[in-house]
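Read off the chains here:
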Amino acid sequence: MLKTHSCGELRASYEGESVTLAGWVHRRRDHGGLIFIDLRDHDGLTQVVFNPKDAADAYAVGDAARGEYVLQVEGTVARRPKGTENPNLATGEIEVKAQAATILNEAKTPPFYIVEESDVDELLRLKYRYLDLRREGMHRAMMMRQRIIKFIRDWLMEREFVEIETPILTAPTPEGARDYLVPSRVQAGRFYALPQSPQQLKQLLMVAGFERYFQIARCFRDEDLRADRQPEFTQLDLELSFAEEEDVMRILEDLHADLAAAVRPDLKLVKPCPRLSHDEAVRRFGTDKPDMRFGLELVDLTEVLRDSEFTIFRQTVAQGGVVRAICVPGGAAFSRKQTDELTTFVQGYEAKGLVSLALLGEGGLDSLTQEEIRSPLAKYFTPEQAREMARLAGANRGDMFLMVADKPSTVNKALDGLRREIGQRLELADPNMLHFVLIYDFPLFEWNDEDERWYSVTHPFTQPRPEGVHLLESDPGAVHSRSYDLVCNGWELGGGSIRIHRREMQEQVFRILGIGPEEAQRRFGHMLEAFEYGAPPHGGFATGIDRTVALLAQQDDIREVMAFPKTKSATDPLTGAPGEVTSEQLAELHITVTDTEGATS
Ligand code: ASP
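Calculation rules
- Residues numbered from 1 in each chain as written.
- Predicted model: local features only at pLDDT ≥ 70, side-chain atom pairs only at ≥ 80, totals over all residues.
- Heavy atoms only, no water.
- Buried < 20%, exposed > 50% of the residue type's maximum accessible area, 1.4 Å probe, protein only.
- Helix = DSSP H or I, 4+ residues; strand = E, 2+ residues; numbered from the N terminus.
- Arc of directions from axis to C-beta.
- Contact = heavy atoms within 4.5 Å.
- Salt bridge = Lys/Arg side-chain N within 4 Å of Asp/Glu carboxyl O.
- Near = heavy atom within 4 Å.
- Polar contact = N/O pair within 3.5 Å; in protein donor to acceptor, adjacent residues only side chain to side chain.
- Areas by Shrake-Rupley, 256 points an atom, 1.4 Å probe, with all protein chains shown as cover.
- Nonpolar A, V, L, I, M, F, W, Y, C, P; charged D, E, K, R; others polar.
- Core = buried A, V, L, I, M, F, W, Y, C linked by side-chain atoms within 4.5 Å.
- Expected span 1.5 Å × (residues − 1).
- Pairing = 2+ DSSP bridges.
- Axes fitted to C-alpha atoms, helices over the stretch in contact; angles between N-to-C directions.

(A) Main features of helix α7 (residues 278–285). All buried positions along α7 are accounted for by H278, A281, V282 and F285. The buried residues of α7 occupy an angular sector of 100° when the element is viewed end-on, so they sit on one face. As for α7, its buried residues are in contact with β12 (275–277), β13 (298–300), α11 (408–425) and β19 (436–440). Where α7 terminates, the next one or two residues include G286, which has phi positive at roughly 80°.

Okay, here's the thing in structure tokens:
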């Protein structure tokens, strides 16, 4: 090795030892006669002192070195003079007095500062990712990622889970996104799909008798990108046989609680992790991904306002719609401008409007008068109605209702958005808290108005709950599934289900999804057939590793915890992917490109 020690290793106990270090010039200071270089490597920083009186040749190297040059330094460990120790640095008690030094490589001036966490344009960061990864924040995130993956592997292997790799070149498996396709050269006109998940193969591993499988699996989905989505991402994929919901949810919960406690003992972990049925989550929070670090739960005011003097409320309810609200404690202090902004905000969620109502005055609510109701629609509310609303919401004087009336799905979406917005504005969510929640019992199907057919809420291999099976044909929308999701701080980390393991049931579900016997046979014949060879009852889950790491690293964007992510338009500015290929390559693959019009940069 070109070094005897790392730059993060030396302590006062090494005083007097001869060492050789190698790394990058992090900072260089010329103190007229003495040069100080903080030498950085993977492990940390060490201060090196170049003194022309001790070693003139080494000093000349220190003098020539610039930021990010790669140096090798031989020297002696010395205690720093009293008063110059740096308690913020692991090696802050010592320095290395250089006796010899070599420039192993020079470096151009980097396009952005490596030493500071300054804001740098994303494209530039990705183009020079190898420099971006030198920065402390990225380096720390990658190291945390490695600790998390190791923790997960150890935890599962201690519990008899077996890691098995599944292919990247595979057949399509439906997870609801578009596939990335790879043309086959030897099978003209045929394509592999990159796995959206190892779903089918992990189920087949259960049929194969591996009762506890997991994989840190790369998955690919061609869909619109957001802060929590990348075209390729890493999942913790897991499956076990002879398990029921409780068994899988227990693993999800315990693994993540133990992981959080091990990696971020400094964060507040809410234990035990609550469980909400899908219906309860939607009723209380308007969403199946609630951020439970704060209250502001939805209140249903439909009954109180069924006979409202306000036509829109009355008509909405008469047509099967609902009136729901969130009640903001102390919200009466919101200015007109603030409530106007919130109205515009909910309109972004397709709500037609937002009705505010504040309870003014002092004392118990029994004495609430008409004048103490402040609302643009005050005259349509009676004190009795306001009191009943307050009772339902547990509200007091000084609080403010923000109401939306519409069909339930629109109201829920708008109030979920509003709740998160107000949570953010009032800083209600503790940034140092991890609040996991398990959501279970999702509907099995959802109806799509546009193409007038049922879709799986999760994927077609999910088992219906037994009590709904008799409704599969007559009322598919009423059937719930044996599924669950893990959510933390409003982020869906992943989910899974108990699977169908019988051919007839799988065929029936395919049929409801509009996949007839022939298509089922062509696309999923291998699954249907495998179920006829003694498939055990089984279930599992997958969680996003990138999201888990981002959550524990307190980052909002998963790209901050991925070594080489893509831009929001799915390109890689570093390698230029996706790239062009030669016409020979295309011909070999039996492909003709007809149209590059739709290309985005
Ligand atoms: N395959 C599913 C997914 O990737 C998870 C599961 O059901 O295990 O979302």
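Moving on from the coordinates now.
(B) Up close: the pattern of salt bridges. All told, the structure shown has 55 salt bridges when counted by the stated rule. Note that R28 is salt-bridged to D63, the shortest N-O span being 3.4 Å. One end of the pair, R28, is in strand β1 (residues 18–30); the other, D63, is in helix α1 (residues 56–64), with 35 residues separating them in the sequence. Look at R28 and you get partly exposed, because its relative accessible area is 26%. D63 sits in the partly exposed class, given a relative accessible area of 35%. With its nearest N and O atoms 2.7 Å apart, the salt bridge here joins R324 to D300. Of the two residues, R324 sits in strand β14 (residues 322–328) while D300 sits in strand β13, which places them 24 residues apart along the sequence. What emerges from the salt-bridge pattern is a single network uniting R125, R129, D132, R135 and E560.

(C) Seen up close, the site of the ligand. Neighbouring residues of the ligand: E175, S197, Q199, K202, R221, Q235, H459, G495, G496, R499, F541 and A542. Between the ligand and Q235 there is a distance of 2.9 Å, counted from an oxygen atom to a side-chain nitrogen or oxygen. Relative to its unbound accessible surface of 270 Å², the ligand loses 88% to contact with the protein. Among the residues making up the shell around the ligand, the classes are represented as two nonpolar, six polar and four charged.

(D) Layout of the nonpolar core. One finds I152, L236 and F436 to be the most contacted residues of the largest nonpolar core, which totals 43 residues. Going through the elements one at a time, α4 (136–158), β9 (212–220), β10 (232–241), α6 (245–263), β19, β22 (483–488), β23 (491–498) and α14 (545–552) are the ones with two or more residues in this core. If one sorts the elements of this core by residue count, α6 sits on top with eight residues. Residues within four places of F436 in sequence aside, it is in contact with H256, A260, L269, C273, P274, L486, V487, C488, L493 and L551. One finds L305, A386, A395 and A405 within the second-largest nonpolar core, a separate group that totals 26 residues.

(E) Local environment of α4. When the terminal C-alpha atoms of α4 are compared, their 33 Å separation across 23 residues agrees well with the 33 Å that a helix rising 1.5 Å per residue should span. Among all positions in α4, only M138, A141, M144, R145, I148, I149, I152, W155 and L156 are buried. Looking at the buried side of α4, the elements it contacts are α2 (122–127), α3 (129–132), β9, β10, α6 and α14. Looking at the residues trailing α4, positive phi occurs at E160, about 70°.

(F) Looking closely at the sheet that holds strand β16 (residues 373–374). With respect to topology, five strands assemble into an open sheet ordered β13-β14-β17-β15-β16, the strand pairing being antiparallel. Edge positions in the open sheet fall to β13 and β16, since each of these has one partner strand only. Strand contacts of helix α8 (residues 311–318): β14, β15 (355–359) and β17 (400–406), with the helix running at about 50° to β17, the strand carrying the most contacts.

(G) Molecular detail of the environment of R185. Summarising the element assignment, R185 is placed in the loop between β7 (181–183) and β8 (191–193). Spatially, the C-alpha atom of R185 lies 6.1 Å from that of E588, the residues being 403 residues apart in sequence. Residues in contact with R185, not counting those within four places in the same chain, are E588, L589 and H590.

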